[in-house]
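Observations on the model geometry
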Amino acid sequence: MTVSIPLDPKLAAVLQTYDKPVPDTARELMVLELYRQGRISSGKAAELLDMTRLEFVQYSSRLGIPFVDLTDEEWRSEVEQAKKL
């Protein structure tokens, strides 16, 4: 499916500063945001960006999007479970 989205010229200018075509940049940014929000998995994000899952996880991590996103309480629980092993 192809969808046309009108872009404000100022936004289009910003997207043109990336080293790839505007539609590719827009798609990448949308996928990254959907992943960051937890709406899609790392596997789905990798598929949408034509990457392996490992490549996507490494790439998104370099951009500051964590692979594991636990609350402090969840982290403490995980640590306690690991100590019991």
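Moving on: the environment of isoleucine 5. As for its placement among the helices and strands, isoleucine 5 is situated in the segment before helix 1 (9-15). In this structure the C-alpha to C-alpha distance between isoleucine 5 and valine 31, which are 26 residues apart in sequence, comes to 16 Å.

A word on the nonpolar core. With nine residues, the main nonpolar core is built from Val31, Leu32, Tyr35, Ile40, Ala45, Ala46, Leu49, Phe56 and Ile65. Taken together, the elements giving at least two residues each to this core come down to helix 2 (22-36) and helix 3 (42-48). When residues in this core are grouped by element, the largest group, three residues, is from helix 2. In this structure leucine 32 touches Phe56, Tyr59, Ser60, Leu63 and Ile65, once residues within four positions along its chain are discounted.

Calculation criteria
- Per chain, residues are indexed from 1 in the order of the written sequence.
- It should be noted that, the model being predicted, local features are given only for residues of pLDDT at least 70 and side-chain atom pairs only at 80 or more, the latter also being counted only at that level, while totals for whole chains, interfaces and linings use all residues.
- Side-chain measures here rest on the full set of heavy atoms in the structure, leaving out hydrogens and waters.
- For helices the rule is a DSSP run of H or I covering at least 4 residues; for strands it is a run of E covering at least 2, with both sets numbered from the N terminus onward.
- What makes a nonpolar core is a set of buried Ala, Val, Leu, Ile, Met, Phe, Trp, Tyr and Cys residues whose side-chain atoms join them at distances within 4.5 Å.
- Remark: exposure states derive from per-residue accessible area (1.4 Å probe, protein chains only) relative to the maximum for the residue type, with buried under 20%, exposed over 50%, and partly exposed in between.
- Contacts between residues were defined by any pair of non-hydrogen atoms, one from each residue, lying within 4.5 Å.

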